[in-house]
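Structural overview for review
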Amino acid sequence: MDAVTLSTLLAAAAMAGWVDAVVGGGGLLLLPALLVAAPGLPVATALGTNKLAAIFGTSTAAATYARRTKVDWRVAGPAAGLAVLSAGVGAALAGAVPASAYRPVVLVVLVAVAVFVLVRPRMGVVAVPARRTLVRVGVVVAVAGVGIALYDGLIGPGTGTFLVLAFTALVGADFVHGSAMAKVVNAGTNLGALVVFGVTGHVWWLLGAGMAVCNIAGAVLGARMALRRGSGFVRVVLLVVVVALVVKLGHDEWVAR
């Protein structure tokens, strides 16, 4: 791999770490960068290498949030535990489920998410503690720790975004605290998927280690920026990432065929 290509991948890893730390969706940058840089690279290997870089970034972001704000561990803890197992199952199925099977569904969900965030401008800007009932906590733990984690193991991009939205919409967290819980769960999904990809030989270890260093740097910067600028800033980044995901998946579905 030449120096220019390597530098591009390292820069993409740093930017992905920043995006993941703020609102999730860093895989939108890093996965395409890997696939373009290494034509013929199996998708599973690209996913596994991305997980190696991402687990360091998400773990660093989770630690940064935990030091500077309150993380609701009764929600994030059980969801993260389930996420390790669910993402592992998703990673094991990654080679067997074609992207065409789930891409249209994800597109519809993302468009609905964008509309939902736009028509409810106050959602996530201010916390609504009254929503954090026992039933809602159980629902969000299942949604985040099983449904979203399974998706992350299968393909990944947008996982952090879905997690943030789950925590804000279902249990009334503001975007900053929703991002904090999302990072904890996302670290779990990355761990579960990485173990499976590693065991099956689908990790480019040396490249992934280099990208991990850059991902950590981006994650620290992103988490600190989100904490400093607040929920309004996270909401704007969220909308940008969702629109970018829609464009990317729409291109893959209708243009790149």
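Residues numbered from 1 in each chain as written. Predicted model: local features only at pLDDT ≥ 70, side-chain atom pairs only at ≥ 80, totals over all residues. Heavy atoms only, no water.

**Let's talk about empty space enclosed by the protein**
Note the following rule: Definitions used throughout: a 1 Å grid over protein atoms alone; a cavity as a set of points that fits a 1.4 Å probe which cannot get out; a pocket as an open set with protein on both sides within 12 Å along at least five of seven lines; a lining residue as one with an atom within 4 Å of a point. Grid points are joined across faces, edges and corners, and a volume is the space filled by probe spheres set on the points. Numbering of helices and strands runs from the N terminus, with a helix taken as a DSSP run of H or I at least four residues long and a strand as a DSSP run of E at least two residues long. In the scheme used here, Gly and all other residues not listed as nonpolar or charged are polar, with Ala, Val, Leu, Ile, Met, Phe, Trp, Tyr, Cys and Pro taken as nonpolar and Asp, Glu, Lys and Arg as charged.
By the definition in use, this model includes one cavity of 30 Å³ or more. Its volume calculated, the largest cavity comes out at about 100 Å³. What lines the largest cavity is a set of 15 residues, among which Asp20, Gly27, Lys51, Asp152 and Gly156 lie closest to the centre. Where the lining of the largest cavity is concerned, the elements lending two or more residues are helix 3 (43-68), helix 7 (159-171) and helix 8 (175-199). The greatest single-element share of the lining of the largest cavity, amounting to three residues, is contributed by helix 3. Taken together, the residues that form the lining of the largest cavity break down as two nonpolar, ten polar and three charged.

**Describing the pattern of salt bridges**
Put simply, the rule reads: A pair is scored as a salt bridge if a Lys or Arg side-chain nitrogen falls within 4 Å of a carboxyl oxygen belonging to Asp or Glu. Partly exposed describes any residue whose relative accessible area lies between the buried limit of under 20% and the exposed limit of over 50%, with all areas from a 1.4 Å probe on protein chains only and scaled to the type maximum.
One pass over the full model with this rule turns up three salt bridges. When the shortest N-O distance is used, the salt bridge between lysine 51 and aspartate 152 registers 2.6 Å. One end of the pair, lysine 51, is in helix 3; the other, aspartate 152, is in helix 6 (residues 134-154), with 101 residues separating them in the sequence. Of the residues examined, lysine 51 reaches a relative accessible area of 2% and is grouped as buried. Given a relative accessible area of 2%, aspartate 152 falls into the buried group. We note a salt bridge from aspartate 72 to arginine 132, for which the minimum N-O separation is 2.8 Å. Separated by 60 residues along the polypeptide, aspartate 72 in the loop between helix 3 and helix 4 (73-93) and arginine 132 in the loop between helix 5 (99-119) and helix 6 bring together distant segments of the chain. Looking at arginine 132, the relative accessible area reads 22%, which means it is partly exposed. What you see here is one network of salt bridges that share partners, running through Asp72, Arg74 and Arg132.

**Focus on the nonpolar core**
Rules: For this analysis, a nonpolar core means a set of buried residues of the types Ala, Val, Leu, Ile, Met, Phe, Trp, Tyr and Cys, connected via side-chain atoms within 4.5 Å. It only takes one pair of heavy atoms within 4.5 Å for two residues to be counted as in contact.
If you look at the biggest cluster of nonpolar residues, it comprises 81 residues, and the most contacted ones within it are Val23, Phe167, Phe197, Met211 and Val234. When residues in this core are grouped by element, the largest group, ten residues, is from helix 8. Once you skip the residues sitting within four places of it in the chain, phenylalanine 197 turns out to touch Ala44, Leu47, Gly48, Lys51, Ala91, Ala94, Gly153, His202 and Val203.

**Here's the deal with a nonpolar patch on the surface**
As a reminder of what qualifies: Excluding any residue in a salt bridge, patches collect residues exceeding 30% relative accessible area, merging like charges within 9 Å and nonpolar Val, Leu, Ile, Met, Phe, Trp and Tyr side chains within 5 Å. Computed by Shrake-Rupley with a 1.4 Å probe, the accessible areas treat only the displayed protein chains as cover when residues are assessed.
There is a patch of nonpolar side chains on the surface, built from Val111, Val115, Leu118 and Val119 and spanning about 360 Å² of accessible area. Counting through the fold element by element, valine 111 comes out in helix 5. By relative accessible area, valine 111 is classed as partly exposed at 40%.

**A short note on helix 7**
Note the cut-off: Every helix has an expected span of 1.5 Å times one less than the residues it contains.
Helix length check: helix 7, at 13 residues, gives a terminal C-alpha distance of 18 Å against a target of 18 Å (1.5 Å per residue), a fit within 8%. Within helix 7, eleven of the 13 residues are buried, leaving the element largely enclosed by the surrounding structure. Among the residues of helix 7, Thr159, Gly160, Thr161, Phe162, Leu163, Val164, Leu165, Ala166, Phe167, Thr168 and Val171 are the ones counted as buried. Following helix 7 by one or two positions, glycine 172 has its phi on the positive side, about 70 degrees.

**Some points on the packing of helix 4 against helix 8**
To keep things clear, this is the line we draw: With axes taken as lines fitted to C-alpha atoms, and helix axes fitted only over the stretch in contact, angles between N-to-C directions fall between 0 and 180 degrees. Any angle that is under 35 degrees is reported as roughly parallel, and any over 145 degrees as roughly antiparallel; angles of 65 to 115 degrees are reported as roughly perpendicular and all others as oblique. Left-handed describes a crossing whose near helix is turned anticlockwise from the far helix by less than a right angle; the clockwise case is right-handed.
Packing of helix 4 against helix 8 leaves a shortest axis separation of 7 Å and a crossing angle of 25 degrees. Comparing their axes, helix 8 and helix 4 come out roughly parallel. Of the two possible hands of crossing, helix 4 and helix 8 adopt the one that is right-handed. Only Met181, Val184, Val185, Gly188, Thr189, Leu191, Gly192, Ala193, Val196 and Phe197 of helix 8 make contact with helix 4, whose side of the interface consists of Trp73, Val75, Ala76, Ala79, Ala80, Ala83, Val84, Ala87, Gly88, Ala91 and Ala92.

**Some details on the side chain of asparagine 215**
For asparagine 215, the location among the structural elements is in helix 9 (residues 205-229). Once residues lying within four places of it in the same chain are set aside, the contact partners of asparagine 215 are Ala13, Ala14, Ala16, Gly17, Ala53, Ala54, Gly57 and Thr58.

**Topic: the packing of aromatic side chains**
Quick note on the threshold: Only centres within 6.5 Å qualify two rings of Phe, Tyr or Trp (six-membered ring in Trp) as a pair; their planes then separate them into stacked at under 30 degrees, edge-to-face at over 60, and tilted for everything else.
Considering all chains together, one arrives at two aromatic pairs under this definition. Judged by centre distance (6.2 Å) and plane angle (80 degrees), the rings of tryptophan 18 and phenylalanine 233 are edge-to-face. Residue tryptophan 18 is located in helix 1 (residues 3-22), and its partner phenylalanine 233 is located in helix 10 (residues 231-255); the two are separated by 215 residues in the primary sequence. Each member of the pair, tryptophan 18 together with phenylalanine 233, is buried. Seen from their ring centres, tyrosine 151 and phenylalanine 162 are 5.7 Å apart, and the 75 degrees between their planes marks the pair as edge-to-face. Here phenylalanine 162 lies in helix 7 and tyrosine 151 lies in helix 6, a separation of eleven residues in the sequence.

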